[in-house]
Protein chains: 8
Amino acid sequence: MGSTSDLPVMEAAAKFLNEMKIPFEMNALSAHRTPEKVEEFTRNAHKRGIRVIIAAAGMAAHLPGVIAAMTTIPVIGVPIKASLEGLDAMLAILQMPPGIPVATVAINGAQNAAILAVEILATSDPELHLKMLAFKEELKTKVVKANEELSKVRYEYKVG
Amino acid sequence: MGSTSDLPVMEAAAKFLNEMKIPFEMNALSAHRTPEKVEEFTRNAHKRGIRVIIAAAGMAAHLPGVIAAMTTIPVIGVPIKASLEGLDAMLAILQMPPGIPVATVAINGAQNAAILAVEILATSDPELHLKMLAFKEELKTKVVKANEELSKVRYEYKVG
Amino acid sequence: MGSTSDLPVMEAAAKFLNEMKIPFEMNALSAHRTPEKVEEFTRNAHKRGIRVIIAAAGMAAHLPGVIAAMTTIPVIGVPIKASLEGLDAMLAILQMPPGIPVATVAINGAQNAAILAVEILATSDPELHLKMLAFKEELKTKVVKANEELSKVRYEYKVG
Amino acid sequence: MGSTSDLPVMEAAAKFLNEMKIPFEMNALSAHRTPEKVEEFTRNAHKRGIRVIIAAAGMAAHLPGVIAAMTTIPVIGVPIKASLEGLDAMLAILQMPPGIPVATVAINGAQNAAILAVEILATSDPELHLKMLAFKEELKTKVVKANEELSKVRYEYKVG
Amino acid sequence: MGSTSDLPVMEAAAKFLNEMKIPFEMNALSAHRTPEKVEEFTRNAHKRGIRVIIAAAGMAAHLPGVIAAMTTIPVIGVPIKASLEGLDAMLAILQMPPGIPVATVAINGAQNAAILAVEILATSDPELHLKMLAFKEELKTKVVKANEELSKVRYEYKVG
Amino acid sequence: MGSTSDLPVMEAAAKFLNEMKIPFEMNALSAHRTPEKVEEFTRNAHKRGIRVIIAAAGMAAHLPGVIAAMTTIPVIGVPIKASLEGLDAMLAILQMPPGIPVATVAINGAQNAAILAVEILATSDPELHLKMLAFKEELKTKVVKANEELSKVRYEYKVG
Amino acid sequence: MGSTSDLPVMEAAAKFLNEMKIPFEMNALSAHRTPEKVEEFTRNAHKRGIRVIIAAAGMAAHLPGVIAAMTTIPVIGVPIKASLEGLDAMLAILQMPPGIPVATVAINGAQNAAILAVEILATSDPELHLKMLAFKEELKTKVVKANEELSKVRYEYKVG
Amino acid sequence: MGSTSDLPVMEAAAKFLNEMKIPFEMNALSAHRTPEKVEEFTRNAHKRGIRVIIAAAGMAAHLPGVIAAMTTIPVIGVPIKASLEGLDAMLAILQMPPGIPVATVAINGAQNAAILAVEILATSDPELHLKMLAFKEELKTKVVKANEELSKVRYEYKVG
């Protein structure tokens, strides 16, 4: 992440990876304040065994693109809502020029970034694939339960 | 893709996959006009050996999200510019709710979608990883050459 | 609705239908988390006697369009304000491609969705039509009363 | 429609209604230039047997809302793209205040407006309902055919 | 104004007119809920001696345009911020088609609407013109005083 | 106007004023390039008998606001579409701070600016008021005639 | 700044200049309410030894552009967030026409405006250049420390 | 510039610097395709005597911010219009986080970037300052001449 102020948002990603038992590390690396650290981290990522990178940043959010420029590891970008409802970060991450993609998720979409990261790892890990199928079932169960709660809401003419 | 009218944009993806010698298929499947076909395709994708899906759509672009809802295979979304400068498709693909990510790339970013797909495959394929490093070098070469052309532009006070 | 978190907004629709004595049911069905439930609900809607569907969703709001894709029953879409001031949900519901319309109402416009539903039912129900005329008169009365309150606001040079 | 300059867009609606053999009339009525004509038309619509109204307008598009204010017949609004990519018309039609809904369709979505109108009429007309089901099948056929065309596009590594 | 909920914003207009000793009246007239009252008010405005009309409305703000359609009295429009930061009301008031202008002021710009109204009246009232010049001087005085306060803010290297 | 490049748009204003036989002058005065000329023009406007000012500008359109800052004559602002669909000019003219209103019309709304100017002059000129009523009737006639043309458009099921 | 209400934002600029021991002055000068004061200040700025001007304003933010029109001293513009998330001020400052640039920084970016001002002064002041290099090092240290804090966040599968 | 495709826009900058007889160099350096070249250029810029940097880029325009991250030389950013009317590039350049400013000019504002660069150099170069004053006079002359052309436009009621 570009700053520890992004931590409250990004915790959702850490939590999901932890639940899925995926080893991960967390770093605060600013594309603008510590460009050398970003470069050092990115240049060494592949040989250190890192297979997916999630990069979160707000405002003129350059971190995901700057990392993607220096690696061929898939980079997932999370636009952080810090100004203009997050629209600036969204465009600064999404609208990458031809050659250097960033896999962008929703504004403040930290959990989705982690899910996408696990989906990527699961493309070559059948066990993880099964875990993801189970996670998907769980999502359904929650909505089904929510639907049951709705059946308890009472109106005279409500029939379902 | 949601419609064959997206083909002129999506050709860039096919071309890149072909260059990288990645076997791929192309389908026109509309989330709104052929929902059963979309479901059939998506439900069978994993067992048919499909490892990454690129879904392109314009306007209220539901195709990528609808596919992502029915699989845990990574889904890459390409917003097609058909109205409102592509802003509607971008938001309809990117702003997915928690649980169901779509890896969104730039508006009309077909080539980047293909590059991202190959990066994902390369996470478990060292040979493909090397190919991607070579591709990245090529990108540099083009810019370096472009820079050389700039040196030929003449102005009296231009020194570089 | 796509999630029970939409209930505080959608209550206004339930309340209006109840006042108009229109039998209705409420469901939480997520286009992304429970696509099969959405399909099951929509495929059976016509034979179960459902004549209008109101679908509410936020962010990349696919629910109304996904339902509209599988039925010819009129579908009314309510964009829920969850991010970007509701702009993302609005575009994801409104900008449907040719062939599959969604009758979109204002952001968080739950009551208007219900009024529109009753207007549709009233096209073939003269009694309901009379009820709607009465409702419209009531709306006027409220504004006329509000105007009377304004006449009590005092300024030295205010004459009306 | 608010102006005959909207005719090239609105022809798609006329064509669809004609194909479905739905009797219809076309009027140019400006909320701003001929408010009396708009009022006369709307006040008499119900007794003249009009059951659905499609209103199209661009810029500060008041026509749909102004008509909806004077009737309980369902009003379908079509934002015409005349400036600001149609965003102004879209908001001026969609964002109606509580009490007076307009069933808004996509920018320049004339055909969808007509389809929605027929869907509304079909709620009380089983024969029309069957016609709409047939229309929906046709939409599918077109996409299926388009998909077949895609199978003819050749790339060395393309397999589908 | 379209609704008494606009009163907290519009009070600034009333207050300014009162200070300038301009006789005025206040009405709640909804373009959508009481179209007949709007018409009655507007058709009679000129003969009742009304020389400028200020119309405020939010969301799909039709009131100013609907009034302007039925009179040649100058109509000043105030977009009320009720949704989308006021952007919807702003476009629905400002983007009037050729032939029917509305003199639009800033979002929630009630005081400016009143100032503009007095400027219009002052075009044929030399005494009022002098009053407006005095008001303008007062505005300056406030900024000059604010500047003096700034001189009291202390920093070691601040020199002015 | 801020630049003679605005002339093709602003001609519509000149034409309308000419038709109404209102004496007027045209100036190219840039708030940014000739601030002294703008000041000279504005400071002398009232004593030279100018009663309404129409100011047009594009991009960061300061001209209307800068003129309004130096006079109490009503200033009508015309946002010229030069970039960002005219959105920048619109906001730079409309969103004036409390104390200094600009009567803003639609993007490129030159004719409407002239109509508004005449409406303002007509507040104290009964003859001009009659002319404006006649102009308004003419607008109606055009729409009525357009409606007649629509009656000539033929479809088998078209009845009106 | 255009108003003392901008002071809470602009304090960050004053603080930075003070830390860097750059003599500065603060003024509240409104382009709209005190145009003469703005002119007086700007016309005398160069001869008074002012080398860089920071101008902050909100809404239709004309102050930076109006100052830039009357001087060749570099003018740095700070859009103040007062309405529309600061978008109006941003466009009104940034989108200057050819000939009169304003060096615009982020919405509410007061500290960045001051940093930019010092960078400009440092182009001809080697000592100041060294101070800026030290400041940049400090920025890094903060991020590095933040990164260390992240290492203390505990998850079972977190490894870095 | 980020790509030679930006050259047609950026020529205006080169031309102005040449006219002002300011030695300059032009480079195509992509933040995403040649990050090492960008770093090499930026790290050596100060010792090579570069005193101002103009960086132009489109889409997710990272080049100006990435350069600013590695130097304390003032960096002027030019958003290039390549998609979304240039809005994405504008936000990606302007909305820099605290600590690392980019002096942003208008979309495609290449000439203004060059003028700003010369203004910066002129802060310590009295001769250049005089040149800039002369340039400013020239701008005025053009508008004054344009105004004279306007006086030749004929309308019966035009008096100025």
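What you are looking at is a predicted structure, and each value in this text was computed from that prediction instead of being measured.

Analysis parameters
Residues numbered from 1 in each chain as written. Chains lettered and ligands numbered in written order. Predicted model: local features only at pLDDT ≥ 70, side-chain atom pairs only at ≥ 80, totals over all residues. Heavy atoms only, no water. Helix = DSSP H or I, 4+ residues; strand = E, 2+ residues; numbered from the N terminus. Buried < 20%, exposed > 50% of the residue type's maximum accessible area, 1.4 Å probe, protein only. Contact = heavy atoms within 4.5 Å. Pairing = 2+ DSSP bridges. Right-handed = clockwise from strand over helix to strand, strands pointing away. Axes fitted to C-alpha atoms, helices over the stretch in contact; angles between N-to-C directions. Left-handed = near helix turned anticlockwise from the far one by under 90°. Polar contact = N/O pair within 3.5 Å; in protein donor to acceptor, adjacent residues only side chain to side chain. Salt bridge = Lys/Arg side-chain N within 4 Å of Asp/Glu carboxyl O. Expected span 1.5 Å × (residues − 1). Least-squares fit on C-alpha atoms with pLDDT ≥ 70 in both. Buried area = accessible area lost by both parts, 1.4 Å probe. Nonpolar A, V, L, I, M, F, W, Y, C, P; charged D, E, K, R; others polar. Lys, Arg positive; Asp, Glu negative; His and termini not counted. pLDDT = per-residue confidence, 0-100. Arc of directions from axis to C-beta. Phe/Tyr/Trp six-rings, centres within 6.5 Å; stacked < 30°, edge-to-face > 60°.

### Comments concerning the overall build of chain A
Broken down by element type, chain A carries 6 helices and 3 strands. The N-to-C order of helical and strand elements in chain A reads α-α-β-α-β-α-β-α-α. Expressed as lengths along the three principal axes of its C-alpha atoms, the size of chain A is roughly 65 × 40 × 30 Å. Per-residue burial over chain A gives 65% buried out of 160 residues. Look at the contacts in chain A between residues 6 or more apart in sequence, and 60% of them connect residues 24 or more apart.

### Things to note about the pairing of strand β2 (residues 75-80) of chain H
Residues and elements named next belong to chain H. Of all 6 residues making up β2, 6 are buried, and the element is well covered by its neighbours. Side-chain alternation along β2 places Val75, Gly77 and Pro79 on one buried face and Ile76, Val78 and Ile80 on a second face that is also buried. The pairing of strand β1 (residues 53-58) with β2 spans 6 bridges and is classified as parallel. Bridged to Ile54 within β2 is Ile76. The parallel pair β1 and β2, bridged by helix α3 (residues 63-69), forms a crossover whose chirality is right-handed. Direction of pairing for β2 relative to strand β3 (residues 103-104): parallel, over a ladder of 2 bridges. Bridge pairing in β3 places Gly77 opposite Thr104.

### So, the packing of helix α5 (residues 110-122) of chain D against helix α6 (residues 126-152) of chain D
Residue and element names in this part refer to chain D. It is at 8 Å that the axes of α5 and α6 come closest, and there the two elements cross at 145°. Of the two possible hands of crossing, α5 and α6 adopt the one that is left-handed. In this structure, α5 uses Gln111, Ile115, Val118, Glu119, Leu121 and Ala122 to contact α6, whose residues at the interface are Leu128, His129, Met132 and Phe135.

### Things to note about the environment of Ser5 of chain G
Residue and element names in this part refer to chain G. Structurally, Ser5 is set in the segment before α1 (7-19). Each C-alpha atom of the pair Ser5 and Met20 lies 25 Å from the other, and the pair is 15 residues apart in sequence. Within polar-contact distance, the side chain of Ser5 engages the side chain of Ser3 at 2.8 Å.

### Observations regarding the pattern of salt bridges
One pass over the full model with this rule turns up 48 salt bridges over all chains. The salt bridge partner of Glu36 of chain B is Lys140 of chain D, with a shortest N-O separation of 2.7 Å. Taken as a pair, Glu36 of chain B in helix α2 (residues 35-45) and Lys140 of chain D in helix α6 lie in two separate chains rather than in one. Judged by relative accessible area, Lys140 of chain D falls into the buried class, the value being 16%. Salt-bridge contacts for Lys140 of chain E lead to Glu137 of chain E; the nearest nitrogen and oxygen are separated by 3.4 Å. Placement of the pair is Lys140 of chain E and Glu137 of chain E together in helix α6 (residues 126-151), with a separation of 3 residues, close to one helical turn. Among the ionic contacts, a cluster of salt bridges with common partners joins Glu36 of chain A, Glu137 and Lys140 of chain G together with Glu39 and Arg43 of chain H.

### Observations regarding helix α6 (residues 126-151) of chain C
For α6 of chain C, spanning 26 residues, the distance from its first C-alpha to its last is 38 Å, which sits close to the expected 38 Å at 1.5 Å a residue. The complete set of buried residues in α6 of chain C reads Leu128, His129, Met132, Phe135, Lys136, Leu139, Lys140, Val143, Ala146, Asn147 and Leu150 of chain C. Elements that come into contact with the buried residues of α6 of chain C comprise α1 (7-19) and α5 (110-122) of chain C, α3 (63-69) of chain D together with α1 (7-19) and α2 (35-45) of chain E.

### Observations concerning the relation of the copies chain A and chain B
By a simple turn and slide, chain A fits onto chain B: the slide is 0.0 Å along the axis, the RMSD is 0.0 Å, and the turn is 180°. These values place the two chain copies in the arrangement generated by a two-fold rotation axis. A shared binding surface is used by both copies, with 100% of the interface residues of chain A retained as interface residues in chain B.

### Remarks on the interface of chain H and chain G
At the interface, 40 residues of chain H touch 40 residues of chain G. Carbon and sulfur atoms supply 62% of the area that chain H and chain G bury against each other, a total of about 3,300 Å² over both sides. Taken together, chain H and chain G are joined by 0 salt bridges. Here chain H is connected to chain G by 23 residue pairs in polar contact (both at pLDDT 80 or more). Those elements giving two or more residues to the side of chain H that touches chain G turn out to be α3, α4 (87-94), β3, α5 (110-122) and α6 (126-152) of chain H. Looking at the side of chain H that touches chain G residue by residue, the classes come out as 26 nonpolar, 11 polar and 3 charged.

### Let's talk about the side chain of Ser83 of chain A
With respect to the element layout, Ser83 of chain A can be found in the loop between β2 (75-80) and α4 (87-94). Looking at Ser83 of chain A, its side chain comes within polar contact range of the side chain of Asp88 of chain A, at 2.6 Å. Residue contacts for Ser83 of chain A: discarding those within four places in its chain leaves Met59 and Asp88 of chain A together with Gln95 of chain H.

### Remarks on the side chain of Lys136 of chain A
By secondary structure assignment, the location of Lys136 of chain A is in helix α6 (residues 126-152). For the buried Lys136 of chain A, no salt bridge exists, and the shortest N-O distance to an oppositely charged side chain is 4.7 Å, to Glu119 of chain A. In terms of polar contacts, Lys136 of chain A uses its side chain to reach the backbone carbonyl oxygen of Thr71 of chain B, at 2.3 Å. If we skip the residues at most four places from it in the chain, Lys136 of chain A touches Ala68, Ala69, Met70, Thr71, Thr72 and Ile100 of chain B.

### Here's the deal with the confidence of the model for chain A
Of all residues in chain A, 99% have pLDDT values of 70 or greater, and the mean over the chain is 96. Here the complex is predicted with pTM 0.97, and the ipTM for its interfaces comes to 0.96.

### Points about the arrangement of the chains
Here chain A and chain E are not in contact; the least distance found between their C-alpha atoms is 11 Å. The smallest C-alpha distance separating chain C from chain H is 16 Å, and no contact links them.

### Let's talk about the interface of chain A and chain B
Every contact between the two is made by 40 residues of chain A and, on the other side, 40 residues of chain B. Here chain A meets chain B over a buried area of about 3,300 Å², counting both sides, of which 62% is carbon and sulfur. Linking chain A to chain B there are 0 salt bridges. One can count 23 residue pairs in polar contact (both at pLDDT 80 or more) joining chain A with chain B.

### Structural notes on the relation of the copies chain H and chain G
Taken together, a rotation about one axis and a shift along it account for how the two chain copies relate. When chain H is brought onto chain G, the operation consists of a screw motion whose angular component is 180° and whose axial shift is 0.0 Å, with 0.0 Å RMSD remaining. When the interface residues of chain H are mapped onto chain G, 100% of them again lie at the interface, so the same face is used by both copies.

### Description of the environment of Pro74 of chain A
Turning to its location among the elements, Pro74 of chain A is positioned in the loop between α3 (63-69) and β2. A relative accessible area of 1% places Pro74 of chain A in the buried class. A sequence separation of 33 residues divides Pro74 of chain A from Ile107 of chain A, and the C-alpha atoms of the two residues are 19 Å apart. With sequence-adjacent residues up to four places away left out, Pro74 of chain A is seen in contact with Arg51, Val52, Ile53 and Ile120 of chain A together with Leu116, Glu119, Ile120 and Thr123 of chain B.

### Side note on helix α2 (residues 35-45) of chain C
Residues of α2 of chain C that are buried include every one of Pro35, Val38, Phe41, Thr42 and Ala45 of chain C, and no others. All buried residues of α2 of chain C lie within an arc of 130° about the axis, which places them on one face of the element. Here the buried face of α2 of chain C lies against α2 and α3 (63-69) of chain B together with β1 (53-58) and α3 (63-69) of chain C.

### Thoughts on the packing of aromatic side chains
Residues and elements named next belong to chain D. Under the counting rule described, the total for this entry stands at 16 aromatic pairs over all chains. When the centroid spacing of 4.9 Å and the interplanar angle of 70° are considered together, the rings of Phe16 and Phe135 count as edge-to-face. With Phe16 in helix α1 (residues 7-19) and Phe135 in helix α6, this pair connects stretches of sequence that are 119 residues apart. Like Phe16, the residue Phe135 is buried in the burial classification.

### Describing unusual backbone geometry
Residues and elements named next belong to chain A. Despite not being glycine, Met59 has its phi angle at roughly 55°, a positive value. With respect to the helices, strands and loops of the structure, Met59 is situated in the loop between β1 (53-58) and α3. Under the relative-accessibility criterion, Met59 is labelled buried at 15%.

### A few points about the environment of Ile53 of chain F
Looking at where Ile53 of chain F falls in the secondary structure, it is placed in strand β1 (residues 53-58). For the pair Ile53 of chain F and Glu39 of chain F, spaced 14 residues apart in the sequence, the C-alpha separation amounts to 13 Å.

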